[in-house]
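Spelled out, the chains give:
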4 protein chains.
Amino acid sequence: MTNMSESIIKESQPFRLRVSCHLKFDIEFPTPFILMLRPRSGMQQWIEKEEYIITPSIPVVEFTDSYGNLCQRLVAPVGLFSITTISEVVTADSIDQDFGAPFVDIQCLPEAVLPYLLPSRYCESDCFNEMAMQITDGKELGYDQVAAITDWLRANVSYVPGSNSESLSAIEVNNKMSGVCIDLAHLGIALCRGLSIPAHIAVGYLFELKPMDMHAWFEAYIGGRWYTFDATQDGTQRGYVTLGLGRDAADVAVFNQFGPSVFPLEHVVSVENIT
Amino acid sequence: MTNMSESIIKESQPFRLRVSCHLKFDIEFPTPFILMLRPRSGMQQWIEKEEYIITPSIPVVEFTDSYGNLCQRLVAPVGLFSITTISEVVTADSIDQDFGAPFVDIQCLPEAVLPYLLPSRYCESDCFNEMAMQITDGKELGYDQVAAITDWLRANVSYVPGSNSESLSAIEVNNKMSGVCIDLAHLGIALCRGLSIPAHIAVGYLFELKPMDMHAWFEAYIGGRWYTFDATQDGTQRGYVTLGLGRDAADVAVFNQFGPSVFPLEHVVSVENIT
Amino acid sequence: MTNMSESIIKESQPFRLRVSCHLKFDIEFPTPFILMLRPRSGMQQWIEKEEYIITPSIPVVEFTDSYGNLCQRLVAPVGLFSITTISEVVTADSIDQDFGAPFVDIQCLPEAVLPYLLPSRYCESDCFNEMAMQITDGKELGYDQVAAITDWLRANVSYVPGSNSESLSAIEVNNKMSGVCIDLAHLGIALCRGLSIPAHIAVGYLFELKPMDMHAWFEAYIGGRWYTFDATQDGTQRGYVTLGLGRDAADVAVFNQFGPSVFPLEHVVSVENIT
Amino acid sequence: MTNMSESIIKESQPFRLRVSCHLKFDIEFPTPFILMLRPRSGMQQWIEKEEYIITPSIPVVEFTDSYGNLCQRLVAPVGLFSITTISEVVTADSIDQDFGAPFVDIQCLPEAVLPYLLPSRYCESDCFNEMAMQITDGKELGYDQVAAITDWLRANVSYVPGSNSESLSAIEVNNKMSGVCIDLAHLGIALCRGLSIPAHIAVGYLFELKPMDMHAWFEAYIGGRWYTFDATQDGTQRGYVTLGLGRDAADVAVFNQFGPSVFPLEHVVSVENIT
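How each quantity is defined
- Residues numbered from 1 in each chain as written.
- Chains lettered and ligands numbered in written order.
- Predicted model: local features only at pLDDT ≥ 70, side-chain atom pairs only at ≥ 80, totals over all residues.
- Heavy atoms only, no water.
- Contact = heavy atoms within 4.5 Å.
- Buried area = accessible area lost by both parts, 1.4 Å probe.
- Salt bridge = Lys/Arg side-chain N within 4 Å of Asp/Glu carboxyl O.
- Polar contact = N/O pair within 3.5 Å; in protein donor to acceptor, adjacent residues only side chain to side chain.
- Helix = DSSP H or I, 4+ residues; strand = E, 2+ residues; numbered from the N terminus.
- Nonpolar A, V, L, I, M, F, W, Y, C, P; charged D, E, K, R; others polar.
- Pairing = 2+ DSSP bridges.
- Axes fitted to C-alpha atoms, helices over the stretch in contact; angles between N-to-C directions.
- Least-squares fit on C-alpha atoms with pLDDT ≥ 70 in both.
- Phe/Tyr/Trp six-rings, centres within 6.5 Å; stacked < 30°, edge-to-face > 60°.
- Buried < 20%, exposed > 50% of the residue type's maximum accessible area, 1.4 Å probe, protein only.
- Left-handed = near helix turned anticlockwise from the far one by under 90°.

(A) Expanded view of the interface of chain D and chain C. Across the contact, 28 residues belong to chain D and 28 residues belong to chain C. Surface buried jointly by chain D and chain C totals about 2,500 Å² across both partners, of which 56% is contributed by carbon and sulfur atoms. In terms of surface lost to chain C, no three residues of chain D exceed Arg73, Arg121 and Phe258 of chain D, which account for 24% of the buried area on that side. Inspection of the chain D/chain C interface yields four salt bridges. With its nearest N and O atoms 3.1 Å apart, the salt bridge here joins Asp251 of chain C to Arg247 of chain D. At the boundary of chain D with chain C, the tally comes to 10 residue pairs in polar contact (both at pLDDT 80 or more). Where the side of chain D that touches chain C is concerned, the elements lending two or more residues are strand E2 (31–35) and strand E5 (70–76) of chain D. Among the residues forming the side of chain D that touches chain C, the class breakdown is 17 nonpolar, four polar and seven charged.

(B) The arrangement of the sheet that holds strand E9 (residues 199–206) of chain A in detail. All names here are of chain A. Strand order in the open sheet formed by four strands is E11-E10-E9-E12, and the pairing between neighbours is antiparallel. Two strands lie at the open edges of the sheet, namely strand E11 (225–229) and strand E12 (240–246), each paired on one side alone. For this sheet, the mean angle separating the axes of adjacent strands, direction not counted, is 40 degrees. Taken together, the five bridges between strand E10 (residues 215–222) and E11 define a ladder with antiparallel strand orientation. Following the sheet pairing, Ile222 is matched in E11 by Arg225. Packing against the sheet, helix H4 (residues 181–194) makes contact with E9 and E10, and its axis sits at approximately 155 degrees to E9.

(C) Examining the relation of the copies chain D and chain C more closely. Superposing chain D onto chain C takes a rotation of 180 degrees plus a shift of 0.0 Å along the axis, which leaves an RMSD of 0.0 Å. Considering both components of the superposition, the chain copies are consistent with a two-fold axis. Relative to the rotation axis, the closest C-alpha in chain D is found at Arg121 of chain D, a distance of 1.6 Å. A share of 100% of interface residues in chain D that are also interface residues in chain C marks the association as one of identical surfaces.

(D) Region of interest: the packing of aromatic side chains. Across all of its chains, the model carries 59 aromatic pairs over all chains by this definition. Between the aromatic rings of Phe33 of chain C and Phe81 of chain C, the centroid separation amounts to 6.0 Å while the plane-to-plane angle is 35 degrees, which identifies the pairing as tilted. With Phe33 of chain C in strand E2 (residues 31–35) and Phe81 of chain C in strand E6 (residues 79–91), this pair connects stretches of sequence that are 48 residues apart. We classify Phe33 of chain C as buried; its relative accessible area is 1%. Phe81 of chain C gets classed as buried once you look at its relative accessible area, which sits at 0%. Summarising the aromatic geometry, the rings of Tyr67 of chain D and Tyr116 of chain D are spaced 6.2 Å apart at their centres and angled 40 degrees between planes, so their arrangement reads as tilted. Highlighted residues: Tyr67 of chain D in the loop between strand E4 (61–64) and E5 and Tyr116 of chain D in the loop between strand E6 (79–91) and helix H1 (129–135), separated in sequence by 49 residues. Just as Tyr67 of chain D is buried, Tyr116 of chain D falls in that class too.

(E) Representation of the pattern of salt bridges in the model. All names here are of chain D. A complete count under the given rule lists 44 salt bridges over all chains for this structure. Linking Lys24 and Glu266 is a salt bridge whose minimum nitrogen-to-oxygen distance equals 3.9 Å. Placement of the pair is Lys24 in strand E1 (residues 15–27) and Glu266 in strand E14 (residues 266–273), with a sequence separation of 242 residues. In this structure Lys24 comes out as partly exposed when scored by relative accessible area, which is 25%. Judged by relative accessible area, Glu266 falls into the partly exposed class, the value being 33%.

(F) How the structure looks around the packing of helix H2 (residues 143–156) of chain B against helix H4 (residues 181–194) of chain B. Residue and element names in this part refer to chain B. Interaxial distance between H2 and H4 falls to 10 Å at its minimum, and their mutual angle equals 145 degrees. Note that H2 runs across H4; the crossing there is right-handed. Along the contact surface, H2 presents Val146, Ile149, Trp152 and Leu153, while H4 presents Leu184, Leu187, Gly188, Leu191 and Cys192. Classifying every residue of the contact of H2 with H4 gives eight nonpolar, one polar and no charged.

The structure is reproduced here in structure tokens:
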């Protein structure tokens, strides 16, 4: 789906970040996990160094899910169990903005993009066509519509940093008119899909996020490529590092755990400029 | 993901059905469609004959989606537009029941099955663990749990034949305690996933369905294979023909249409025994 | 990898063919087969009707291989065993020729096309760069190079209709300077890849092929799409129906059979114009 | 295709290696490369740390090929150009041997394994059935056959450390009766496939290889999993780290380069025990 000519890490001014995530659990019963903590090199980032330390050392199997994310499966043993991942990443030193980039007709979308037109667990896009039409009234089809949606979210939905125990769906966010980063992204995605613009969620790191934590934003497919949008920031930020892409929060949990719930004793995220 | 030894079309007593679907639209504006109307030969069915007639004759592109379904893309031209598909299918003459088939530990599930553990648009499985535990209390892990869930649906959720304009999610079905076939399947799936049993939706045809229409049911992954469950029927029926598999209704629309809504002038479904 | 706008079945003048293949075997030991006898609807053909009859009726599993071909697995039982497939196909009423279509830089090729740059069992493209440079000397990069290769094959390699028991590799064809259809395709592919032009083999049917049999030709990726080339014909023919695509003959056997060799008692191919 | 229960990195006695590869080129013309230098965590290895430094820093796109390997695409700019990769890997402290592990019937093989039954560029397995039958005469079907093939290679084909500029195919190795590591692997693979045992090539690192260099060996699918075989070693070695898997050398080049040939000024490989 990609070719070199679309790469948006420009040669000039590489921007280097060291990102890390540390999780520690106290496990009572052997517990299966699926983790999504190894960033992939892709169009918009290049992983130069990486560590992925699991303590104690146990068998882990890595696989690629249907969205292209690297996932790690393991069964955490009883006792203290920790995961530490550190990556040094070259990323874009600004996010691309491209007003005027055109809407892609459904019949011209690549097949791999089609699933991102459909409603999903937290993005009930089937319910948002009318609202999306109103928000984007008068806008040129494509980038300008998504920019209008993002502006509308910034102006109207209160961004509450931190993380919910449970994600809100687009409908819930639209009722509550506030949410954490992933909730705003859900509403943004649902509005895009309501206009037949493919949109997906991204989770990962953001430089200078305050307070520092895992972050979520969304990407929309316009003019033949994916663009980054983030209603929680002012739109001029830089330093996104993606850990996972998917239809919504259900696809991109940094960890999925099965059986009786376990909660991290420690969950430390950091992002540091090492340019 | 499959091998011959798992095929459940037994040599003895093949059961042959002729299934057909006819759709007719009056199109006002050129309208992109994605159709899912070509059944695939698979573990549980073999397509012997097939017709797929589009009138007028226009360009169509077929692709395989990430669930393995054959999908057809086209742009319907202005005017009368019709689709007629007819298939002759060898299918199982009974659905397999296998009480005692064991729950598969998360760490032993094939990767391709993992997405069916996660919540999706209409199956908010993250909300159904407790309810699923109650319904299956005392049951052996695996097939017996899913059978208990299906029995509970049969006994407690009113099945209203016909089709909604909009699907209900598991939460909505659980509030309303009634629904069409796909609604019951959504609740069944959410309850299975709530127990960490992979479950997906199937849409297609069912022999002697009354009244005849497209149908939906669900499959659960137990003991290393998928089993069919259908809370709208008494459990001894035969003659399922699958058109599409997916996480829920959002993935398996027989037709997805983009732009201003169009509704079929005609929508005729038939299933005939030709054994 | 495809979108509707690339479809090359034009609305005007649909060309309809009924193609069929009949195979009959006398099986001594239960014998596993993998068949590739169900044409897929794609960019260049639309399957309107289809039959796939296996006698006696036995379990069959169908899957999609990594090239996108539909494949059928079965174990043929002892005794007479036959396969009859019939398809009615809308295909292009001429093959596209596009002199001047440009070479695509390696870095701009879609990922899915990259495997078709590499040498394969019967296309030792690593040995053909120099020869390909000579044949295409002075030609514009892209379509004109592949047209020159095809012309060179037509002029220099004797086409012997019929089928070998064993395919010849490009090196062998280049030594022998004669071959059946698939042999010429192998040399054409090796020469294209020798120029870093992606090329793959196609097997299937050709209208008015003399004598009628299964046929093979090749496709090259130029200017962002696949074009058909066939050195066994004069280049103005129409009526290609593809059964399988792959790197070379090793990937696209109409039937692969394992264990002691069995040979068809009957192998009948027909193509009929039903426009 | 994998599940945790098949993981063969045992909890006890983890064996840790630091492996590295350094390549340096002097580029005359902008040159497209496809690299395969990032090992993936999988069933048999876990990547704890990793560096992938490209100098000068240029855009790179990473993708997963159809065999599951991580590949890196870039266009090397004119001038000195270097790549340095370093990984710290937990690997098995011995390779599994399992005499008696059974042959898997064709009809029971997973689909993803089927391509490894077919002949490929350097493994003309269609020509090796008879020879494979002789070498394995009297052996139990499965692991014991592949062990017999490997023993036969060790006893009969001279292993010449170092690397050819060009790989030899199985037929060529069988004529010459000597070869580098990848040549012996080609003959081993062709003999396995000649017996309908799926076999693929692996390239990567081997601890204490003398002289140190990139290495190649093969894996055969027996008793439901892949086993490692290496005719260049005595069979009791440990410390394999896989960079790429594929049908043969054509699929797993550590670097593929397009356009006028460039050769590394420096190519340094190292493997160090850091347990």
